[in-house]
2 protein chains.
Amino acid sequence: MARAGLTTERLTRAGADLADEVGFEQVTVSALARGFDVKVASLYSHVRNSHDLRTRIALLALEELADRAADALAGRAGKDALTALANVYRDYAREHPGRYAATQLRLDPETAAASAGVRHAQMTRAILRGYDLTEPDQTHAVRLLGSVFHGYVTLELGGGFSHSAPDTQETWSRTLDALDALLRNWPAP
Amino acid sequence: MARAGLTTERLTRAGADLADEVGFEQVTVSALARGFDVKVASLYSHVRNSHDLRTRIALLALEELADRAADALAGRAGKDALTALANVYRDYAREHPGRYAATQLRLDPETAAASAGVRHAQMTRAILRGYDLTEPDQTHAVRLLGSVFHGYVTLELGGGFSHSAPDTQETWSRTLDALDALLRNWPAP
DNA sequence: ACTTCTTCCTAAGACCTTTAGGCAAGTGGC
DNA sequence: GCCACTTGCCTAAAGGTCTTAGGAAGAAGT
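Since this is a predicted model, take the numbers as computed values, not measurements. (Residues numbered from 1 in each chain as written. Chains lettered and ligands numbered in written order. Predicted model: local features only at pLDDT ≥ 70, side-chain atom pairs only at ≥ 80, totals over all residues. Heavy atoms only, no water.)

This next bit is on helix H9 (residues 168–184) of chain A. With 17 residues, H9(A) should cover 24 Å at 1.5 Å per step; its first-to-last C-alpha distance of 24 Å lies within 8% of that length. By the burial criterion, the buried members of H9(A) are A:Thr171, A:Trp172, A:Arg174, A:Thr175, A:Leu176, A:Asp177, A:Ala178, A:Leu179, A:Asp180, A:Ala181, A:Leu182 and A:Leu183. Along its buried surface, H9(A) packs onto helix H4 (78–95) and helix H8 (137–157) of chain A together with helix H8 (137–157) and helix H9 (168–184) of chain B. Near the N-terminus of H9(A), the side chain that reaches the backbone nitrogen of A:Gln169, with its oxygen 3.1 Å away, is that of A:Asp167. (Helix = DSSP H or I, 4+ residues; strand = E, 2+ residues; numbered from the N terminus. Expected span 1.5 Å × (residues − 1). Buried < 20%, exposed > 50% of the residue type's maximum accessible area, 1.4 Å probe, protein only. Contact = heavy atoms within 4.5 Å. Polar contact = N/O pair within 3.5 Å; in protein donor to acceptor, adjacent residues only side chain to side chain.)

A word on the environment of B:Arg10. Residue and element names in this part refer to chain B. With respect to the helices and strands, Arg10 occurs in helix H1 (residues 8–22). The class for Arg10 is partly exposed, based on a relative accessible area of 42%. Taking C-alpha positions, Arg10 is 9.8 Å from His46, a pair spaced 36 residues apart along the chain. Apart from the residues lying within four places of it in its own chain, the contact partners of Arg10 are Ala4, Gly5 and Phe36.

Another aspect to go through is the protein's contact with DNA strand D. The immediate surroundings of DNA strand D are formed by 22 residues, with A:Arg3, A:Gly5, A:Ser42, B:Thr28 and B:Ser50 found nearest. Across the atoms of DNA strand D situated within 4 Å of the protein, the share located in sugar and phosphate is 67%. Note that a phosphate oxygen of DNA strand D is positioned 2.4 Å from one of the side-chain N or O atoms of A:Ser42. B:Arg34 places a polar side-chain atom, nitrogen or oxygen, 3.1 Å from a phosphate oxygen of DNA strand D. Among the elements that make up the surface near DNA strand D, the one with the highest residue count is helix H2 (residues 29–36) of chain B (three residues). Among the residues forming the surface near DNA strand D, the class breakdown is ten nonpolar, eight polar and four charged. (Near = heavy atom within 4 Å. Nonpolar A, V, L, I, M, F, W, Y, C, P; charged D, E, K, R; others polar.)

This part takes up unusual backbone geometry. Residues and elements named next belong to chain A. Look at the link from Glu135 to Pro136: it is a cis peptide, with omega at 0°. Note that Pro136 resides in the loop between helix H7 (117–127) and H8. Phi angles above zero are rare outside glycine, and Asp37 is one such case at about 55°. Along the polypeptide, Asp37 turns up in the loop between helix H2 (29–36) and helix H3 (50–73). For Asp37, a relative accessible area of 70% gives the class exposed.

Before going further, it helps to spend a moment on the protein's contact with DNA strand C. Around DNA strand C, a shell composed of 22 residues is seen, among which A:Thr28, A:Ser50, B:Arg3, B:Gly5 and B:Ser42 lie nearest. Close to the protein, within 4 Å, the atoms of DNA strand C belong to sugar or phosphate groups at a rate of 65%. In the model, a phosphate oxygen of DNA strand C is placed 3.0 Å from a nitrogen or oxygen of the A:Tyr44 side chain. Among the elements that take part in the surface near DNA strand C, H2(A) stands out by supplying three residues, more than any other.

Let us look at the relation of the copies chain A and chain B. Placing chain A over chain B gives an RMSD of 0.1 Å and needs a rotation angle of 180°, together with 0.1 Å of translation along the axis. What the rotation and shift describe, once combined, is the action of a two-fold rotation axis. For chain A, the minimum C-alpha distance to the rotation axis belongs to A:Gly151 and amounts to 1.8 Å. Of the interface residues in chain A, 100% have counterparts in chain B that sit at the interface too, so the contact is made through matching surfaces. (Least-squares fit on C-alpha atoms with pLDDT ≥ 70 in both.)

Right, let's get into the packing of aromatic side chains. Inspection of the entire model under this criterion finds six aromatic pairs over all chains. Summarising the aromatic geometry, the rings of A:Tyr89 and A:Phe149 are spaced 5.8 Å apart at their centres and angled 35° between planes, so their arrangement reads as tilted. You can see A:Tyr89 sitting in helix H4 and its partner A:Phe149 sitting in helix H8, a full 60 residues away along the chain. Relative accessible area serves as the criterion here: at 11%, A:Tyr89 is assigned to the buried category. Relative accessible area serves as the criterion here: at 4%, A:Phe149 is assigned to the buried category. A centroid spacing of 5.1 Å and a plane angle of 55° characterise the contact between B:Tyr152 and B:Phe161, whose relative ring orientation is tilted. The same class applies to B:Tyr152 and to B:Phe161, which are both buried. The structure contains a cluster of three or more aromatic residues connected by ring pairs, namely A:Tyr152, A:Phe161 and A:Trp172. (Phe/Tyr/Trp six-rings, centres within 6.5 Å; stacked < 30°, edge-to-face > 60°.)

A few words now on the packing of H8(A) against H9(A). Residues and elements named next belong to chain A. Two elements in contact, H8 and H9, have axes separated by 12 Å at closest approach and are oriented at 175°. By the angle between their axes, H8 is roughly antiparallel relative to H9. Residues Ala141, Leu144, Leu145, Val148, Phe149, Tyr152 and Glu156 of H8 lie in contact with H9, whose contacting residues are Thr168, Thr171, Trp172, Thr175, Leu176, Leu179, Leu182 and Leu183. (Axes fitted to C-alpha atoms, helices over the stretch in contact; angles between N-to-C directions. Parallel < 35°, antiparallel > 145°, perpendicular 65-115°, else oblique.)

None of this, on its own, says anything about what the molecule does.
Take a look at the structure:
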């Protein structure tokens with residue numbers, strides 16, 4: 001019988017694609033096996049279990065997203081950098097909703113610490129170098145930016161902003177204006 | 001055989017409690033049946049299917065959350081109101097993580113329109129009456145506030161802010177300071 | 001008491017997850 | 001080229017969840 005050429009890598013990538021097609025929640029070992037035209041049990045040599053598969057997809061997505069962010073940030077500073085990073089998140093979520101959903105998977109601490117998640121935090125902090133913030137306000141601002149990016153993207157993707165004018169693109173750019181203004185005039189405690 | 005006294009109401013409430021205990025994703029018709037010491041099929045007279053159950057839990061949570069918000073908002077305005085509403089979300093998420101997760105369930109448009117979700121939007125908009133914003137900026141601000149509240153609460157609950165100083169309570173109050181400052185000095189386009 | 005409705009049950013099919021053990025396709029030594 | 005060995009995919013099977021169909025017993029109205 002011809003071999004399908006399964007690999008942890010290929011399974012992870014296919015799982016990510018599947019997530020984008022049918023939603024991250026719908027990614028199942030069975031569906032993945034069907035996609036490779038292979039019996040379900042065969043996947044268990046390459047992936048420990050269902051949770052392992054999901055975790056790998058999440059790590060892949062975090063990595064891809066961090067790569068895009070690093071690319072977008074190169075050579076930019078200030079509001080330019082802020083906008084670029086924000087757009088990376090939003091665009092990635094729109095292009096790859098399943099992958100983006102995967103990035104929200106709760107990882108156990110060690111896995112999270114070894115993931116590209118730390119690069120994301122570093123890049124957000126890097127943006128703040130263009131503004132005049134010192135600790136601990138810088139950390140507060142990092143968390144605020146993370147909240148806005150994540151919250152906005154999630155709500156928009158979940159349809160929370162649909163069915164109402166004005167359109168979301170307008171809100172997005174005005175939100176970035178507002179964040180820029182806020183960072184330039186960060187209030188004293 | 002003695003009757004268990006099942007009701008759509010009781011199932012929904014028990015489902016919400018179960019969600020808080022084991023996580024919304026883990027809420028299953030089977031687990032719910034076990035809790036009532038009843039066979040699984042018995043639930044299907046009271047709940048259409050698994051998705052129906054989840055939707056009901058989501059609607060319950062949205063309702064509870066809106067009630068708390070309305071309570072907290074009574075008699076408050078300006079930053080006082082902003083803080084009160086924000087704390088309602090954060091506290092609810094911390095007390096009832098499963099219920100809060102349920103509020104993120106994607107509802108189909110008609111269900112969403114009939115849900116307490118609209119009250120949430122109205123209350124956020126009400127807060128903005130204490131600030132000097134006109135349309136379309138008011139809508140942009142409503143969306144921004146929604147993004148921050150949702151994003152912050154989600155990240156904090158998911159452990160995104162753990163393992164780093166300063167503590168999240170400090171960030172939370174500084175975030176509210178920042179939002180208040182932003183709304184008072186909303187940038188022109 | 002008799003009928004009727006409701007509530008919960010048994011039975012059964014379909015799908016997903018996971019483990020255990022087997023055969024055959026590649027891989028390396030000789 | 002042939003052997004042993006490793007690896008990749010398989011069959012088999014057990015357990016869990018979802019869902020529907022149809023039956024029996026408790027509750028309620030006449």
